[in-house]
Amino acid sequence: MEAVKNKLVVLSGKGGVGKSTVACQLALGLAKRGKKVGILDIDICGPSVPKIMGVEGKDVLQGEGGKWVPVERDGIKIMSIQFLLENASDAVVWRGPRKDACIKQFLTDVQWGGLDVLVIDTPPGTSDEHITLCECLKGHPNTGAVVVTGPQQVACDDVRKELSFCRKLGLPLHGLVENMSGFVCPHCADCVPVFSSGGGQQLATDYNVAFLGKIPIDPRLASAEDEGVHFADAFPASETAKCINSILQQIEGKLVS
Amino acid sequence: MDKANEHCVGPQSEAAGKAKGCEGCPNAQLCASGAARGTDPDVAPITNRMASIRRKVLVLSGKGGVGKSTLTKELGFTIGRLNLQVGLMDADICGPSLPRITGTLTGEIHTSNEGWEPVAVDDNVGLVSIQYLLPTKDEAVIFRGPRKNGVIKNFLKDVTWGELDLLLVDTPPGTSDEHLSTVSYLQQAGGCDGAIVITTPQEVAVADVRRELNFCRKSNIEVLGIVENMSGFVCPNCRGESEIFPTKKGSVLSAGERLAEEFRVPFLGKIPLDPSLMMSCEQGEPLRDHLEANARDTGKKEPVVSPALVALTAVATNLLKRLNLPIPKQP
């Protein structure tokens, strides 16, 4: 981990707001901009990163010193429990201590090599995985978090707790992203606040955290993820890609080179 | 057992009482003696509480953000208004949503010699959630597994649920401590009557839900049915239909239907994305009440027909049939 210049933790507190989406889009975008990128999926129960990155079911090999060699896609190094499961549909029914041990191994026993940035996707909540991750990263320089919310109050409630968690555990906050922020109806072009509106901006103001931007609901993004295709490559001129790019640029500005 | 330390390894662990995290804990001596590793003494009081509850059902997913809490809330209100007694247990310790979406964020759990009284969210519906126990609304609940298990135990052992027709347990995403503990206690205390499993149309959700269904199989939990939420969207402006979360390309069946077929469990129905349903959660009211309020506010005679409400009502009726809970004669 010493050879990893920046650690970027993607958190939420709320499930289903798009942590894995944001984590993968950041990784793909930063790699496209010439950075050496890794992405670590510490969602042990619901690992989504391999599917979104189009590498589901790949095998992880053991290299020098018995360390795991991460799966690669377009030069991005990827690690997830999904690669270690005999059967992708197996439930990983582990209590906290086993998950902790796995996360520690992912940080120390993977041949990440020299990376400009390691993006770390997390499960929802503020529990074992998050506590262990913060404990392992304590003292590591250039570690920061991007917190993802949805616009609705029920998401913001959980994200408020996550922001408290970050403050309590001393995890620096790069900023907040509001995902699934409105849907532009393809029939009438009306922007419908399917998941309510305004929560993310208010949250950022309340907690004095940078508001990095909003990503609208885009069925093409959901489809691209299901197919493991890079959305911004497929639809570079889309409003969604522009929003993601703006967020990416702001985050890139906060990384050390 | 007294309140455990933050880094408690759990009384069932081999290192119980002797691990670094045990220093200073009031239970350390008990755990070190191995006494806590025997039959859990809390099973008996949990069994007593559960004895007056006719049916206990888990609301599961595996995937976050698919609508577990929303469905729990709507089922609770709908079934309660059919004059059945309903308890809602919010087992999502880190991200408790039910108080907000039932409009009871300021609720308090009153304690007495009898135990902890659930917060009344409707005439026949009571709710317990860790949210009610937090000193401040936004306080993070930074608990490792054993402490979360302790809270779940409290909810099953100490809450005066009384005589209920149905206890619905809302769960967090995943297949971890909260799920294992809830299932284990319910099964030791008279049984769990099954689970409703929720998915959304995308493959990324289906993958997690498949794992959850395998968890149910392994844990001998009967899957009462699969619900597919966020299934299609009808624009409130132009009534045009869109698929916000598209299902697998080339598939005739929807995601939920495919899972139901694969696991040979019933398919309970699809619930479309409805901004009214979202707003009813924002405002902490049942969808039906929200639609009626909208109608009053806009001077309409009748509330607008909501496909989501129709679908949710069908899921509730279907669930009661599967649980063999007849609907009482309505006054």
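Let me sum up the structure you'll find in this document. Here the structure is a predicted model, which is why all the values come from computation and not from measurement. The residue numbering used here restarts from 1 in each chain and proceeds along that chain's sequence as written. Chains carry letters from A onward and ligands carry numbers from 1 onward, assigned in written order. With pLDDT at 70 or above as the cut-off, local features in this predicted model cover only qualifying residues; side-chain atom pairs require 80 or more to be listed or tallied, and sums for whole chains, interfaces and linings still use all residues. Where side-chain values are given, they derive from all heavy atoms of the structure, hydrogens and water being excluded.

## Focus on the overall build of chain B
We apply this condition: Strands are runs of DSSP state E lasting at least two residues, helices are runs of H or I lasting at least four, and both sets are numbered from the N terminus onward. Any two residues whose heavy atoms approach within 4.5 Å are treated as being in contact. Surface accessibility follows the Shrake-Rupley procedure with a 1.4 Å probe radius. Residue values consider only the protein chains on display as shielding.
Looking only at helices and strands, chain B has 11 helices and 11 strands in total. The principal-axis extent of the C-alpha atoms belonging to chain B is close to 70 × 45 × 40 Å. Taking as baseline every contact in chain B between residues at least 6 positions apart, the subset at least 24 positions apart corresponds to 76%. As displayed, chain B offers around 13,800 Å² of accessible surface, 48% of which is attributable to carbon and sulfur atoms.

## Some details on the overall build of chain A
Where we set the bar: Here the globule rule reads 2.2 Å times residues to the power 0.38, and the radius of gyration is calculated from C-alpha atoms. When a residue's accessible area, from a 1.4 Å probe over protein chains only, is under 20% of the maximum for its type it is buried; when over 50% it is exposed; and in between it is partly exposed.
Along chain A, the regular secondary structure elements total 9 helices and 12 strands. At 17 Å, chain A has a C-alpha radius of gyration in line with the 18 Å of a compact globule built from 257 residues. With the principal axes as the frame, chain A shows a C-alpha extent of 60 × 40 × 40 Å. Residues counted as buried form 63% of the 257 residues belonging to chain A. Summarising the internal contacts of chain A: among those between residues at least 6 apart in sequence, 77% fall at separations of at least 24.

## Thoughts on helix α3 (residues 96-108) of chain A
Test applied: A helix is expected to span 1.5 Å for every residue after the first. Here the arc refers to the set of directions running from the helix axis out to each C-beta atom.
In this model, α3(A) (13 residues) spans 19 Å end to end at C-alpha, consistent with the 18 Å of a helix rising 1.5 Å per residue. Among all positions in α3(A), only A:Gly96, A:Lys99, A:Asp100, A:Cys102, A:Ile103, A:Phe106 and A:Leu107 are buried. Buried residues in α3(A), looked at end-on, bunch into an arc of 165 degrees, giving them a common side. For α3(A), the secondary structure elements touched by its buried residues are β2 (37-41), β4 (68-69), β6 (76-80) and α4 (128-137) of chain A together with α6 (177-188) of chain B.

## Re the nonpolar core
Here is the rule we go by: Grouping buried Ala, Val, Leu, Ile, Met, Phe, Trp, Tyr and Cys residues that are joined through side-chain atoms within 4.5 Å yields what is termed a nonpolar core.
B:Met50, B:Leu58, B:Leu71, B:Leu75, B:Ile79, B:Met89 and B:Trp161 are the most contacted members of the largest nonpolar core, which totals 85 residues. With 8 residues, the single largest contributor to this core is helix α11 (residues 307-322) of chain B. Ignoring sequence-local partners within four residues, the contact set of B:Leu71 consists of B:Ile196, B:Ile198, B:Val227, B:Ile271, B:Leu312 and B:Val315. If you look at the next biggest cluster of nonpolar residues, it comprises 81 residues, including A:Ala23, A:Ile103, A:Ala155 and A:Ile244.

## Remarks on the interface of chain A and chain B
Put simply, an interface is often sized by how much accessible area is lost when its parts join up. Applied cut-off: When two parts are brought into contact, each loses some accessible area as probed by a 1.4 Å sphere; the total of that loss over both is the buried area. Any carboxyl oxygen of Asp or Glu within 4 Å of a side-chain nitrogen of Lys or Arg constitutes a salt bridge here.
Facing 59 residues of chain A, the contacting portion of chain B comprises 57 residues. Around 4,700 Å² of area is buried between chain A and chain B when both sides are counted, 58% of it from carbon and sulfur atoms. Counting across the chain A and chain B interface gives 6 salt bridges. One salt bridge connects B:Asp138 with A:Arg160, and the closest N-O pair in it is separated by 3.9 Å.

## Some remarks on the packing of aromatic side chains
How we decide: Note on ring pairs: Phe, Tyr and Trp rings are taken, using the six-membered ring of Trp, and paired if centres are within 6.5 Å. Classes follow the plane angle, with under 30 degrees stacked, over 60 edge-to-face and the rest tilted.
Summed over the entire model, instances satisfying the criterion amount to 4 aromatic pairs over all chains. Residues A:Phe183 and B:Phe233 carry aromatic rings whose centres are separated by 5.3 Å and whose planes lie at 90 degrees to one another, so their mutual orientation is edge-to-face. Taken as a pair, A:Phe183 in strand β10 (residues 183-184) and B:Phe233 in strand β9 (residues 223-234) lie in two separate chains rather than in one. What makes B:Phe233 buried here is its relative accessible area of 1%.

## Overview of the layout of surface pockets
It is a probe the size of a water molecule, rolled over the atoms, that shows where empty space is left. Our working rule: Points on a 1 Å grid over protein atoms alone make up a cavity when a 1.4 Å probe fits among them but cannot get out, and a pocket when they form an open set with protein on both sides within 12 Å along at least five of seven lines; lining residues each have an atom within 4 Å of a point. Grid points are joined across faces, edges and corners, and a volume is the space filled by probe spheres set on the points. Classes in brief: Ala, Val, Leu, Ile, Met, Phe, Trp, Tyr, Cys and Pro nonpolar; Asp, Glu, Lys and Arg charged; the others, Gly included, polar.
When its volume is computed, the second largest pocket comes out at roughly 420 Å³. Only β11 (191-192) of chain A together with β11 (267-273), α9 (275-282) and α10 (287-297) of chain B provide two or more residues apiece to the lining of the second largest pocket. Residue contributions to the lining of the second largest pocket peak at 4 residues, all from α10(B). Split by residue class, the lining of the second largest pocket holds 15 nonpolar, 5 polar and 5 charged.

## Side note on unusual backbone geometry
In this structure, A:Asn208 takes a positive phi of about 55 degrees despite not being glycine. By the element assignment, A:Asn208 lies in the loop between α6 (199-207) and β12 (211-214). Even without being glycine, B:Asn324 reaches a positive phi, approximately 60 degrees. Of note, B:Asn324 is situated in the segment after α11.

## Things to note about the sheet that holds strand β9 (residues 173-178) of chain A
All names here are of chain A. Here is the rule we go by: The pairing criterion for strands is at least two bridges between them, as found by DSSP. Axis definition: a line fit to C-alpha positions, over the contact stretch in the case of helices; interaxial angles, taken between N-to-C directions, run 0 to 180 degrees.
Taken in spatial order, the 8 strands of this open sheet run β5-β6-β2-β7-β1-β8-β9-β12, and their pairing is mixed. Edge positions in the sheet fall to β5 (71-73) and β12, since each of these pairs with one other strand and no more. Each strand axis lies, on average, 20 degrees off the axis of its neighbour in the sheet, ignoring direction. Bridging between β2 and strand β7 (residues 115-121) involves 5 bridges; their strand directions are parallel. Looking at the pairing, glycine 38 lines up with leucine 118 of β7.

## Points about the pattern of salt bridges
Residue and element names in this part refer to chain A. Counted by the stated rule, this structure contains 28 salt bridges over all chains. A salt bridge links glutamate 252 to arginine 33, with the nearest nitrogen and oxygen atoms 2.6 Å apart. Of this pair, glutamate 252 sits in helix α9 (residues 239-252) while arginine 33 sits in the loop between α1 (19-32) and β2, and the two are 219 residues apart along the sequence. Since its relative accessible area comes to 18%, glutamate 252 is described here as buried.

## Regarding the packing of helix α5 (residues 145-157) of chain B against α6(B)
All names here are of chain B. Note the threshold: Crossing handedness follows the turn of the near helix against the far one: under a right angle anticlockwise gives a left-handed crossing, and clockwise gives a right-handed one.
One way to put it is that α5 packs onto α6 with a least axis distance of 9 Å and a crossing angle of 35 degrees. Pair α5 / α6 crosses with right-handed handedness. Across the interface between the two elements, Gly145, Lys148, Asn149, Ile152, Lys153 and Leu156 of α5 pack against Asp177, Glu178, Ser181, Thr182, Tyr185 and Leu186 of α6. Each residue belonging to the contact of α5 with α6 can be placed in one class, and the counts come to 4 nonpolar, 4 polar and 4 charged.

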